[in-house]
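# A closer look at the structure
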Amino acid sequence: MPVLFNNNCLTEVLACQKDYWEGRMDESEFRHRIGSPTNDAPLPNVQMIIFENNYANNHSNVNKRFAGMASTEFNWGFQWHLNQPTAELCDIILPAPVWQFEGMDEYMYGHQRFVSGPNGMRNYFTFCARGVDFPGEVRSKEWVWTEIAKRLGDEVVQGYNPRLADVAWEDWVDAQEAIYREAFEEWADNETVMAYLGYDHRPTWEEFNANPVVRTEVDVPYYPFKTLMERGESPFGTPTGKIEFSSNFVKDHDMTETRWRGQIEPMPVWSPSYVEGDIGSASNDGFYNPKAKEYPLSLVSPVSIYRQHSSNDNNPFMREDCYRHAVWISGVDAQARGIKDGDLCRVSSDRGETVLTAYVTNRMMPGTAAVHHGAWYQTDGTAAEMNEYGQDLRGTPNILIDDGHLPHILGALITAGLVEVEKLADGDAEGFGLEAERGGMRGAKAALGLRAALGEGRE
Amino acid sequence: MTQYGFMFDMNRCYACQACSIACKDWNGLEPGAEKWMGVYEWEQGTFPNIRLHALAFPCGHCEDPACAKACPNGALYKEDEFGAVLVDQDKCDGCRKCYDACPYGAPRFASDEPGTKMSKCTMCVDRLAEGMQPACTASCPLRAFDFGPLGELVEKYGDVRFCEGMPAPDATGPAFLIWNPREKQPLVPYDAEEAIALNRQRGDLGMLFEGAEDLVSFDEGTVRRDELRMKHGTVVEFMRATRNDMA
């Protein structure tokens, strides 16, 4: 079964590696489960993970992710909130900077601070200076990496970050800025370039910072592949040099031996294999899947307007008065289960479970349910049959959704699944199921309370 | 005095609450029940003939305002340039008689505490004085609001001042025209009965529901937002009624 993307790769590695290294899984199957560029690429044995995001929560099959994180020797990382699900299984947590605003680190995984547009003709660049200094004990990530490099040896740090290796923390951000300034000064010294850009005098660093957008006039509009086409060259890396509706590469290569290890047609073919009712090929969310007997409602996980992915799920203003996170269910399905709007319900799948208020609305087609994307797995440790780490009090759809893959190279359904919804208790007069939904950071309260009970004192 | 008013197109509004936020922002209102623009959502019908409605209603600035007549302190008055109904908070003692009198629930209170002063939509008379549109009208991304002299709006849109679930307009004459939900035309015609029949059967999994009747009748309380309710007993009820359920 092929993996779809790197994040899911890690989940599969953690789920399978013990079996492989202890001889219970053969190499071919291991490579197929985790994805492998070639048949002799080195095989992983991951024992330390560094987390810079909300990995545990933000793709499907949260329970499997948690189990994987718990299986390593040691995890650490940068997190923004004490109650982020990913923080639960980190041995050391460093407070994460908000890249774009705090300090002068690169941001967005490798973007330096001279930034040009992501698309279009890219005939401009800007400079993103620091917005604010790091608050509290937050430090630059690049300082952390450099400190680690120093401890790995002089050769390492000289290879990684020679210019800042001996810079003290107090001077760190200024030293990063000085490097950007160096680049600027060299650029601004170039009289030809400055004239071309229309500067009437050489700008100082301060002037540049006051107006840090530099545009190049474009006389002739650019279009994709213009340069190549004017040279008479084909821009396409296909064997024929043409756009191929039926891919020669796919015809000539065994795609099950390529990185993603799956089957693919040279020309897209729609073939409804799911109707066989075979769990190996049936769609995760369809009624032909044998799981539908126990989990008859087809779950979707639409994007919420109250979050950007999982950002702002912790925001106390995005609660109660603004927004009620709930499991959406149709009138006929609710009636059949004795559920009224606002009742507390247990939503479960064969992968996990969560407790959610019901929003009964006939906008849901009979036979469907919706839990909106981006909520965090928040537990206070209350036992739950399907969740090893406790019942989910907030309601992430990712704990319900499987990450099983279809045999096809791109065949993973990670946004939908099959669930059952059952009533646990009456809701209250206002249409809330959980007292704990009130008043803001319920998740934070639960997590902090648990930590206090474990004897961890600090807020 | 030229009476100004609103036209609200129910067909455009999708309950995004931009108007409600713009109003809070312009008027410096705190989060909570002191919310002058209320956006109500409700659903009508059932699968496959479901319809969602939204009504963004601040205040009707009625031609014959019941609130002004009910106020024992003379705190409410109709100002003489735009016909806005305004409240003088110095005279208000929070008795809530205006709320009881108003069929639309336009007077707002920050809390249920006795003595809380009333505040409400001002028709943005401060903006109108500068030649600007009200904040709600200007902020709507769908251009669901029109605003201007009521007579001009009536000529443009016709004199319909209520939708199903709203009070009858002859009581107070709200300066608030409404473009009611239009008849829907299916772009791709389909047989609704056939859709229901197909949806119902699940092969060897049995039936999803017994018959079409199961799709239309439910125990009381199963669906909560199935009608427009503009009057509420507590601020919490008001906040629940004007919360966004578009996820």
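Residues numbered from 1 in each chain as written. Chains lettered and ligands numbered in written order. Predicted model: local features only at pLDDT ≥ 70, side-chain atom pairs only at ≥ 80, totals over all residues. Heavy atoms only, no water.

As annotated in an unreviewed UniProt entry, chain B is 4Fe-4S dicluster domain-containing protein from Gordonibacter urolithinfaciens.

## Quick look at the pairing of strand β10 (residues 353-360) of chain A
Residues and elements named next belong to chain A. Applied cut-off: Buried, partly exposed and exposed residues are distinguished by accessible area as a fraction of the type maximum, computed with a 1.4 Å probe on protein chains only: under 20%, between the cut-offs, and over 50%, respectively. Going along the chain from the N terminus, every DSSP run of H or I of four or more residues is numbered as a helix, and every run of E of two or more is numbered as a strand. Paired strands, in this sense, are two strands between which DSSP finds at least two bridges.
Counted residue by residue, β10 has eight buried out of eight residues, so it is predominantly covered. Note: strand β9 (residues 344-348) against β10, five bridges, orientation antiparallel. Bridge pairing in β10 links leucine 344 to threonine 357. The antiparallel pairing of β9 with β10 creates a hairpin that spans four residues between the two strands.

## Some points on the sheet that holds strand β6 (residues 213-215) of chain A
All names here are of chain A. The condition is simple: Between N-to-C directions, angles span 0 to 180 degrees; the directions come from axes that are lines fitted to C-alpha atoms, helices contributing only their stretch in contact.
Pairing within the open sheet is antiparallel, and its three strands lie in the order β4-β5-β6. Only two strands of the sheet have a single neighbouring strand rather than two, namely β4 (114-116) and β6. Across this sheet, the average inter-strand angle for adjacent strands is 25°, counted without regard to direction. Pairing between β4 and strand β5 (residues 124-127): three bridges, direction antiparallel. If you follow phenylalanine 114 over to β5, its bridge partner there is phenylalanine 127.

## Some details on the interface of chain A and chain B
What counts here: In what follows, residue pairs with any heavy atoms lying within 4.5 Å of each other are defined as contacts. By definition here, a salt bridge exists when the distance from a side-chain nitrogen of Lys or Arg to a carboxyl oxygen of Asp or Glu is within 4 Å. Distance and chemistry together define a polar contact, namely a pair of N or O atoms within 3.5 Å, with one atom able to donate a hydrogen and the other to accept it when in protein, and with adjacent residues in sequence counting only for side-chain atoms on both sides. Gly falls in the polar group here, along with every residue not listed as nonpolar (Ala, Val, Leu, Ile, Met, Phe, Trp, Tyr, Cys, Pro) or charged (Asp, Glu, Lys, Arg).
With 36 residues of chain A at the interface, the matching set in chain B holds 31 residues. Put simply, arginine 224 of chain B and aspartate 341 of chain A hold a salt bridge, and the shortest N to O gap is 2.9 Å. Applying the counting rule to chain A against chain B returns nine residue pairs in polar contact (both at pLDDT 80 or more). When residues in the side of chain A that touches chain B are grouped by element, the largest group, five residues, is from helix α11 (residues 331-336) of chain A. A class-by-class count of the residues in the side of chain A that touches chain B yields 18 nonpolar, eight polar and ten charged.

## Remarks on the environment of leucine 164 of chain A
Residues and elements named next belong to chain A. Secondary-structure assignment places leucine 164 in the loop between α5 (154-160) and α6 (172-188). With relative accessibility at 5%, the residue leucine 164 sits in the buried group. For the pair leucine 164 and threonine 146, spaced 18 residues apart in the sequence, the C-alpha separation amounts to 8.0 Å. Excluding residues within four positions of it along the chain, leucine 164 makes contact with Thr146, Trp172, Ala175, Gln176 and Ile179.

## Quick word on the pattern of salt bridges
On inspection of all chains with the given rule, the structure shows 46 salt bridges over all chains. Connected via shared salt-bridge partners are Glu12, Glu29, Arg33, Lys64 and Asp403 of chain A.

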